[in-house]
Amino acid sequence: MSEPKKVDRRKFIYAGLGAVALIAIGAAAYVAMNPPVVTQTVTTSTTVPTTSVVTTTVPTTSVVTTTVPTTSVVTTTTEILPPIPDYSLAKIDWKQFKGTNINLISHSAPQTEYMKKRAPEFEELTGIKVTFDLYAEKEYSDKVVIAAQSASGMYDVLAVLPAYSATFVMQKWVDPVYKYIENPKLCDQRWYNLPDFYDSALSYGRFDPSTNTFGVGQQHMIPAPGYLETLPVLYYRKDILSELGLKVPQTFDELEEECRIIKERKSNIVPFVTRGCRMAGTWNIPLAMIGCYGGNFFDQEWYPILNRPEAIEAVTKYVSLMRNYGPPGAAMYDYTKAMELFKSGGAAFYLDTGNYYGVLTDPATSQVANNVGVAEIPAGPKGRKVNFLQWSLAIDPNSKNKEAAWLFIQWVTSAKFAYELMAAGKGPSPRKSTYNERVIQDKWGDFINVVAASGKYSQILPLSLIAGKTQDIFSSYTSAAIDGQITAEEACRRANKEIYDAMKAAGYYDKPPKYGTYNNGGNVIPHSPDWTP
Amino acid sequence: MIKVLKKSSHIIFFLPALIFLFVGIAYPIVWSINNSFYQWIIGGNPIFVGLKNYYDIFFGILSKDFWYSVYITVILTLLTVALQLTIGMGIALLIYDRTQNKIIRSIFLLPMVIPPVVSGTIWGNFIYNPSYGILNYVLSFFGVAPQLWTYSSQQALPSVIVILVWQWTPFVVLLLSAGLESLPKAPMEAAVIDGASSWQIFWYVKVPLLKPVILAVTVLRLMDTLRAFDIIISTTLGGPGRATEILNIMTYLTAFVHFNMGVASALGTILFTISLAAVIIMLYILRER
C-alpha cells in the first residue's frame, strides 16, 4: 500500500519542480526576447533628469514673474482673444508629451464623470491618455490620503477635497502649479488667464511657505471645473409657501416662525431639513450660522471660540431648528438623506450647498423640480455669512509625468471647458467669464443671482492642519445635541475644550508661532487675554 | 543537487505560505506595533515617544473616549454573540434532522452571502429610516408609534446588534446543525429509554457532546464581532454623537480623519491584544476537553 503512494508523491514533487523550472525558463526567455521593454525603461529614466533640469530652471523664471504683466500687456496689443478662447488658440505645443499615460484620482460626481467623458478629446489633442479612478466620496478621501502619504507617485493628478486643502499644501503633498504656469513652454498665460478665476476659489490653492500660511501666497493648486460652492443657500418649496401665504424668510427667527406655522398646518411635511450627522461636511451649516451671529470658529491666534455667546446662540438656533422642525432622527441626516427628503417632496425648507441647484431643479431627478425656489441664507443678528468651498486639482510631487499632468489640468480648468461643463448643467464654473454667456444666464438664472449676492459675504472654512479632526469633534457634539444627549451650550463648551487640546497638540500655540495668523474672511476676532478653553 | 532538493522539498512547498504569512500578516503587525511608539501625524515626521501613546489612551487625554469605546465594544460583542448562539442553536435544533434540510439550510444562509456593507446600507437607509423606512411602515399596522432606530442614541446600539445577529446567525446555524448531525445516536437512545424528557436530552446529552463545536463557534463569532466594522461604518459611522463608536471605528477615525497614525497604531495594537487574549483563553478551555 505504501509503495505506490511514495512513488506518487515523488512524481508529484518532480512534476512541481519541473513546472517551476519551465516557468522560470519561460520568464527568462520572455525577458530576453523583449529587449524593447528594457530600453524603454532606460529611456524614461534618462528623460527624468532632463525634466528635473527643467524644474531647476524654474526659479529663474519665477524671478521673472514681476515682469510677466508687462509682457502680457505687450501681447494684448498684438492680438485679441475671445473671452472664452478655444483650446487651439493656446500658444503651446499640446503634442509635446505625446504617448504619455497619466492617472487621476477623484470622487465620483456629475462634474468628474463629465471630465471622464470628455477625456478622449484631450487624448486627440495631446496624445496623452488619462485614466480616471473615480470612487465614492468616503472611499476616495481615504485613498487620496494614502496615495499622497505613501509618496508612491501612483497618481499624477489629484482632486483635493475643500476640507483637506490646507493639509495637502502644508504637508507638501502637491507640486506647486505656479512653476508650470510661469513656464512659457507649458502654459500660455494670456490664453489660460488665471485672474479669470474668482479670487476666493484661487485662495483654496494658495500657500505661503515662508510664514506657513494657507490661503495667501503662490498658487499651489487650481480650482476644479464645475465647482463654485456656496454653502449653504436656502431652498424652499414655492407651492407650500404660497399656499400658506408665507414670504421667503429673511432671518433665522423668521425661518423658525414659518417652520412653526408649517408644522401646525401641514402635518405631513417636515418643515426644515439640513445636515445634522457626525462628519460628512455637517459642520458647514453651524459654521455659517456662527458667522451670521457675529462669531467665528477660531480667534486670530487659532484659539477656538465656540464657547463665546455668539457661537452658543447660533448653535442653539441650529439645534432647535433641527430638533423641533427637522425630520425624525435628524441627528443622522447627512447631505444625501437631506437631499432625498427634499427631492421627494417631504420637506418645505432645505439649507444646503448651492451645488445642488441643478439636481433639485431637474425634473428627471426631482419630484419637486418646478416648485423649488432658492434664496440667500437667512440673516442672523450680525447679517449674513456663507462658507465658500472649492475643490482643487493638484499635481502629485512624486508623479513621473508632472508636465503631462499639468497639460491636462490646464485643459480641464480652461475657460472653454468650464463653460462647456456648466452649459451641460453639470456644475457651476469657478471662472468669471462663464457667467457673461447668455446660454449660462438662461439656464442657471436664479442660482447666479444668489451666488453673486453671497459672493459679498463669503468666508472660507477654518482650515488648520488638523481640519479633519476639528470637524469630527465639532460635528460629533452638534449631532449629539440634535439627538438630545446634551444641550447646545454644553456641545459648544465641550467641543471648544477638545478642539483646544487637539490644536495645542498640533503645535498651534508654540512660541515662536509655527503658523501664520488665522483669517478665513469672516469676522476677525483678536485674541483676548481672558480667553479660557 | 536533486538530493538536496528532495530533502528540502517540504521547505520549498511551505515557502509560498510562509512568504504570504510574513508579508501579509506578520510584517504589518510588527510595523503597526512599531508605529505605536511614535508620535506621528500623517505628513509629519515620526518622533519616538516610547509608551506615551499608550499612556494617553489609558490614562491621559484620550482615556475618556477610549474607555467609552471599550464599554460600547464589550456590550455590543457580548450581546451579539449571546443572541447569535441562542437563536442559532434554536434554529439548528429545528432544522438539523428534517429531510428537506438542504433547501431550508440554503434559505437560512441567505443573509450571510450579502456583503456586510450592502446589508448595512439596506438596513440603515431603507429599513430603519424613520421617515420612509419599511420597518416603521410595517409596525404602523400594529399600532406601534414610529421609532428612530439607528437614528437615535438610545436605539442605535440595539438596532446595530439586530443587523449583526441577522447577518451572522446563519453561520452559527450552519456549524451547529452540522455538529448535531454528527452526534452519535446511542447516548440519545439510551436517554430516551431511561425516560429523559426532550429538554433533559438537549441539556444533559446534546450540549455536552456539542461543546467543542459550540466553543469553536463562540471563538469565531467573538473575534469577528470584536472587529465588526463594515456594518457600523455603513449604518451609523459611530454616531449619533458617539453612541456606536466601537474600538474599530475609533481606530479608523483616528487614522483616516484625524490623521494620527501613532495613536491609531496603538489602538490597533490594543484591539489586536484583546482579540488574541480572547482567543487564547477560548483555545485553552477547548484543549481541556
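Because the structure is predicted, anything quoted here is derived from the model rather than measured.

Rules of the game
Residues numbered from 1 in each chain as written. Chains lettered and ligands numbered in written order. Predicted model: local features only at pLDDT ≥ 70, side-chain atom pairs only at ≥ 80, totals over all residues. Helix = DSSP H or I, 4+ residues; strand = E, 2+ residues; numbered from the N terminus. Buried ≥ 20, exposed ≤ 12 C-beta atoms within 10 Å, placed from the backbone. Contact = placed C-beta atoms within 7 Å. Pairing = 2+ DSSP bridges. Axes fitted to C-alpha atoms, helices over the stretch in contact; angles between N-to-C directions. Nonpolar A, V, L, I, M, F, W, Y, C, P; charged D, E, K, R; others polar. Domains from an automatic or database assignment.

Quick look at the overall build of chain B now. What chain B contains, in helices and strands, is 13 helices and 2 strands. Oriented by its inertia axes, the alpha-carbon framework of chain B measures out at about 75 × 75 × 35 Å. Buried positions account for 33% of the 289 residues belonging to chain B. Nonlocal contacts in chain B, meaning residues at least 24 apart in sequence, comprise 69% of its contacts between residues at least 6 apart.

It is worth spelling out the sheet that holds strand S11 (residues 347-352) of chain A at this point. All names here are of chain A. The strand order across the open sheet formed by 4 strands is S10-S11-S9-S12, and the pairing between neighbours is mixed. Both edges of this open sheet fall to strand S10 (270-273) and strand S12 (372-375), since each of them pairs with a single strand only. Recorded for the sheet is a direction-independent mean angle of 15 degrees between the axes of neighbouring strands. As paired strands, strand S9 (residues 233-237) and S11 are joined by 4 bridges and run antiparallel to one another. Within S11, the position partnered with valine 233 by the bridge is aspartate 352. Packing of helix H14 (residues 335-343) onto the sheet brings it into contact with S9, S10 and S11, and relative to S11 it is tilted by some 145 degrees.

The figure often quoted for interface size is the accessible area lost as the parts come together. Contacts between the two partners involve 26 residues from chain B, matched on the other side by 29 residues from chain A. Looking at side-chain class alone, the side of chain B that touches chain A contains 14 nonpolar, 11 polar and 1 charged residues.

The subject of this paragraph is unusual backbone geometry. Residues and elements named next belong to chain A. Each neighbour pair has its own omega, and for leucine 231 with proline 232 the value is 0 degrees, a cis peptide bond. Along the chain, proline 232 turns up in the loop between strand S8 (229-231) and S9. The backbone phi angle of asparagine 193 is positive, close to 55 degrees, even though this residue is not glycine. Tracing the chain through its elements places asparagine 193 in the loop between helix H8 (189-192) and helix H9 (199-203).

What follows covers the domain arrangement of chain A. Residue and element names in this part refer to chain A. Each domain of chain A was delimited in the assignment, giving domain 1 (63-229 + 389-456) and domain 2 (230-388 + 459-505). Computed over C-alpha atoms only, the centres of domain 1 and domain 2 are separated by 30 Å. Among the elements of the structure, helix H6 (165-170), H9 and helix H19 (445-454) are those that each provide at least two residues to the side of domain 1 that touches domain 2. Among the elements that make up the side of domain 1 that touches domain 2, the one with the highest residue count is H19 (6 residues). The class makeup of the residues in the side of domain 1 that touches domain 2 is 12 nonpolar, 9 polar and 2 charged.

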